[in-house]
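# Overview (structure and organization)
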Number of protein chains: 6
Amino acid sequence: MPYIHIQITREGTAPGRDAATAEEKAALIKGASQLMLDVLNKPLESTFVVIDEVATENWGWGGLPALEYRRQREAARK
Amino acid sequence: MPYIHIQITREGTAPGRDAATAEEKAALIKGASQLMLDVLNKPLESTFVVIDEVATENWGWGGLPALEYRRQREAARK
Amino acid sequence: MPYIHIQITREGTAPGRDAATAEEKAALIKGASQLMLDVLNKPLESTFVVIDEVATENWGWGGLPALEYRRQREAARK
Amino acid sequence: MPYIHIQITREGTAPGRDAATAEEKAALIKGASQLMLDVLNKPLESTFVVIDEVATENWGWGGLPALEYRRQREAARK
Amino acid sequence: MPYIHIQITREGTAPGRDAATAEEKAALIKGASQLMLDVLNKPLESTFVVIDEVATENWGWGGLPALEYRRQREAARK
Amino acid sequence: MPYIHIQITREGTAPGRDAATAEEKAALIKGASQLMLDVLNKPLESTFVVIDEVATENWGWGGLPALEYRRQREAARK
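Residues numbered from 1 in each chain as written. Chains lettered and ligands numbered in written order. Predicted model: local features only at pLDDT ≥ 70, side-chain atom pairs only at ≥ 80, totals over all residues. Heavy atoms only, no water.

For the record, the criterion: UniProt positions are given in the numbering used here, feature names are shortened, and annotations may be inferred rather than shown by experiment.
Chain A carries the name Tautomerase in an unreviewed UniProt entry, which gives Dyella marensis as its organism. Turning to chain A, the UniProt annotation filed under Sequence similarities (unreviewed entry) states: "Belongs to the 4-oxalocrotonate tautomerase family."

## Quick notes on the pattern of salt bridges
What counts here: Note on definitions: salt bridges are taken to be side-chain nitrogens of Lys or Arg within 4 Å of carboxyl oxygens of Asp or Glu. Going along the chain from the N terminus, every DSSP run of H or I of four or more residues is numbered as a helix, and every run of E of two or more is numbered as a strand.
Applying the stated criterion across every chain, the model contains 42 salt bridges over all chains. C:Lys25 is the partner of E:Glu57 in a salt bridge, and the nearest nitrogen-oxygen pair spans 2.8 Å. In this pair, E:Glu57 sits in the loop between strand E2 (48-54) and strand E3 (59-61) while C:Lys25 sits in helix H1 (residues 22-40), so the two residues belong to two different chains. Salt bridges sharing partners connect three or more residues here, namely A:Glu11, A:Arg70 and E:Lys42.

## Some words on the relation of the copies chain A and chain E
As a reminder, the rule being used: We superpose the copies by least squares over the C-alpha atoms of residues that have a pLDDT of at least 70 in both of them. Here a residue-residue contact requires only that any non-hydrogen atoms of the pair lie within 4.5 Å.
When chain A is fitted to chain E, the best match, at an RMSD of 0.0 Å, comes from turning it 180 degrees and sliding it 0.0 Å along the axis. Here the symmetry operator amounts to a two-fold rotation axis. The C-alpha atom lying nearest the rotation axis in chain A is that of A:His5; the distance is 2.5 Å. The share of interface residues of chain A whose copies in chain E are also at the interface is 100%, consistent with both copies meeting through the same surface.

## Side note on the packing of aromatic side chains
Here is the rule we go by: Stacked, edge-to-face and tilted are the three classes for Phe, Tyr and Trp ring pairs, Trp counted by its six-membered ring, which pair at centre distances within 6.5 Å; planes under 30 degrees apart are stacked, over 60 edge-to-face, the rest tilted. We call a residue buried when its accessible area falls under 20% of the maximum for its residue type, exposed when it is over 50%, and partly exposed in between, using a 1.4 Å probe and counting protein chains only. Distance and angle both matter: a charge sits over a ring if NZ of Lys or CZ of Arg is within 6 Å of the ring centre and within 35 degrees of the ring normal.
Summed over all chains, the structure comprises 24 aromatic pairs over all chains. Taking the centre distance of 3.5 Å and the plane angle of 5 degrees together, the rings of B:Tyr3 and F:Tyr3 count as stacked. Placement of the pair is B:Tyr3 in strand E1 (residues 3-9) and F:Tyr3 in strand E1 (residues 3-9), with the two residues belonging to separate chains. As far as the burial class goes, B:Tyr3 and F:Tyr3 line up, both buried. Among the aromatic side chains, those forming a connected cluster through ring pairs are A:Phe48, B:Trp59, B:Trp61, B:Tyr69, C:Phe48, E:Trp59, E:Trp61 and E:Tyr69. The ring of B:Trp61 has B:Arg73 lying over it, and the distance from NZ or CZ to the ring centre is 4.8 Å.

## As for empty space enclosed by the protein
Quick reminder of the rule: Space inside and on the surface of the protein is sampled on a 1 Å grid over the protein atoms alone, with a cavity defined as a set of points where a 1.4 Å probe fits but cannot get out and a pocket as an open set with protein on both sides within 12 Å along at least 5 of 7 lines; lining residues have an atom within 4 Å of a point. Grid points are joined across faces, edges and corners, and a volume is the space filled by probe spheres set on the points. Note on residue categories: nonpolar means Ala, Val, Leu, Ile, Met, Phe, Trp, Tyr, Cys or Pro, charged means Asp, Glu, Lys or Arg, and polar means any other residue, Gly included.
In this structure the tally under the stated criterion is six cavities of 30 Å³ or more. Empty space within the largest cavity amounts to approximately 220 Å³. As for the largest cavity, its lining consists of 15 residues, and the residues nearest its centre are A:His5, B:His5, C:His5, D:His5 and E:His5. When residues of the lining of the largest cavity are traced back to their parent elements, those giving at least two are strand E1 (3-9) of chain A, E1 of chain B, strand E1 (3-9) of chain C, strand E1 (3-9) of chain D, strand E1 (3-9) of chain E together with E1 of chain F. Of the residues assigned to the lining of the largest cavity, the class counts are six nonpolar, nine polar and no charged.

## Examining the interface of chain C and chain B
Defined as follows: A 1.4 Å probe defines the accessible area here, and the buried area is the portion of it lost by two parts on being joined, summed over both. Residues adjacent in sequence count toward polar contacts only when both atoms are side-chain atoms; beyond that, a polar contact is any pair of N or O atoms within 3.5 Å, and within protein one must be able to donate a hydrogen and the other to accept it.
Contacts between the two partners involve 30 residues from chain C and, on the opposite side, 30 residues from chain B. A combined buried area of about 2600 Å² lies between chain C and chain B, and 70% of that area is made up of carbon and sulfur atoms. Our enumeration of links across chain C and chain B arrives at six salt bridges. Between C:Glu45 and B:Arg73 there is a salt bridge, and its shortest N-O distance comes to 3.2 Å. In this assembly, chain C and chain B are joined by nine residue pairs in polar contact (both at pLDDT 80 or more). Secondary-structure elements contributing two or more residues to the side of chain C that touches chain B are E1, H1, strand E3 (59-61) and helix H2 (66-77) of chain C. For the side of chain C that touches chain B, the element with the most residues is H1(C), which contributes nine residues. Split by residue class, the side of chain C that touches chain B holds 17 nonpolar, six polar and seven charged.

## Digging into the packing of helix H1 (residues 22-40) of chain A against helix H1 (residues 22-40) of chain E
The line we're drawing: Interaxial angles span 0 to 180 degrees and are taken between N-to-C directions of axes, which are lines fitted to C-alpha atoms, for helices over the stretch in contact. These descriptions rest on fixed angle ranges, namely under 35 degrees for roughly parallel, over 145 for roughly antiparallel, 65 to 115 for roughly perpendicular, and the rest for oblique. Crossings are classed by handedness, with left-handed meaning an anticlockwise turn of the near helix from the far one by less than a right angle and right-handed meaning a clockwise turn.
One can describe the packing of H1(A) onto H1(E) by two numbers: an axis separation of 10 Å at closest approach and a directional angle of 160 degrees. The orientation of H1(A) relative to H1(E) falls into the category roughly antiparallel. For the element pair H1(A) and H1(E), the recorded crossing hand is right-handed. Side by side, H1(A) and H1(E) meet where A:Glu24, A:Ala27, A:Leu28, A:Gly31, A:Ala32, A:Leu35, A:Met36, A:Val39 and A:Leu40 of the first sit next to E:Glu24, E:Ala27, E:Leu28, E:Gly31, E:Ala32, E:Leu35, E:Met36, E:Val39 and E:Leu40 of the second. Grouping the amino acids of the contact of H1(A) with H1(E) by side-chain chemistry returns 14 nonpolar, two polar and two charged.

Okay, structure coming up:
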């Protein structure tokens with residue numbers, strides 16, 4: 001009876017997109033449910049998956065909003 | 001000091017609606033808080049309820065997005 | 001397809017108990033699931049309930065650990 | 001490796017605003033991350049913060065939607 | 001920057017076990033993180049996974065504690 | 001009416017300890033509640049804080065259980 005809560009930033013994975021597509025979300029649902037079946041032998045029908053898309057300014061990492069943290073990390077790599 | 005997090009799909013309960021109404025949400029809040037009082041003797045003022053409405057394409061069951069899973073189950077019943 | 005997460009402090013409701021009993025938890029599960037059926041017309045079989053029992057020193061209210069906050073409130077009432 | 005989930009009502013802190021500002025959210029992220037460093041010695045880069053803004057009608061306290069509960073409490077104080 | 005919360009019942013997958021093994025948990029962590037990389041192109045180092053093992057009497061499905069619901073479903077299949 | 005959920009690994013901050021101390025947890029509760037007051041003007045009495053201590057083998061980062069990921073990162077720094 002697994003419940004899987006996936007939180008991601010609301011962003012596109014390709015230019016011109018601003019969020020995960022329905023296909024990508026379906027792939028997350030399928031993959032996460034399959035993982036419970038493969039590892040723990042849980043039937044697909046007993047797994048819930050909930051995807052939560054979070055605005056980038058609502059996600060913090062490194063003490064900063066997500067986009068700012070990424071910029072800082074990329075600058076540090078150069 | 002209970003905290004109750006209710007996740008539901010964003011859908012209407014009657015034709016022409018696309019989400020739970022304010023009255024329905026108030027009923028969820030009242031019922032969940034009352035349950036804590038009845039079962040655990042927690043005063044109403046010490047209970048928080050948070051309702052989270054999730055887009056149907058962000059909710060997975062049976063390895064599929066929610067609406068697709070429902071269609072599949074209903075087809076199987078026929 | 002509701003998912004309900006109930007967080008409560010780990011405490012007994014009567015002298016000599018230090019946690020909710022199995023019967024109380026079953027009552028929480030039954031009541032929360034029934035609420036989804038009554039208010040949103042969700043079949044019982046489509047609702048998950050997860051009860052999370054939290055040590056009182058891990059629960060904060062009023063800027064204090066739960067037991068300390070309660071003592072302070074009760075003192076203020078006198 | 002802390003993860004901090006902050007749920008707040010979606011409201012402004014000053015007239016003319018209807019939600020927390022980007023600056024306020026950045027302050028929450030910075031403050032929560034710093035707290036993990038100060039108290040538990042966790043490096044900033046190992047802390048995630050997620051802010052979840054909840055519509056006031058989706059938040060319950062005292063068995064009522066949040067705004068109604070506040071009105072009732074304020075009336076009781078008079 | 002995904003965060004994945006996996007809630008499962010605390011049960012073994014084979015006779016003589018009463019919980020998921022460290023190997024099974026590592027497989028859940030690996031699989032869930034890889035899924036974020038495959039579907040959303042998120043680097044492994046930007047994904048947190050938290051596994052939460054829930055006592056079966058704290059998990060409800062079908063309005064009943066989990067084990068009771070399973071027994072009832074299995075009886076109905078016969 | 002903020003609710004703050006803090007998930008940390010169950011580990012001590014000094015030799016001979018295997019978990020956060022009651023004092024450290026009280027400091028997390030105080031600091032997180034104060035942050036809501038300072039940034040969003042929320043009274044202390046309207047904030048709940050819940051601390052969730054997670055076994056290190058239940059926490060994943062970088063596709064690995066937490067301790068293994070740390071070892072790998074430290075090795076990479078040398």
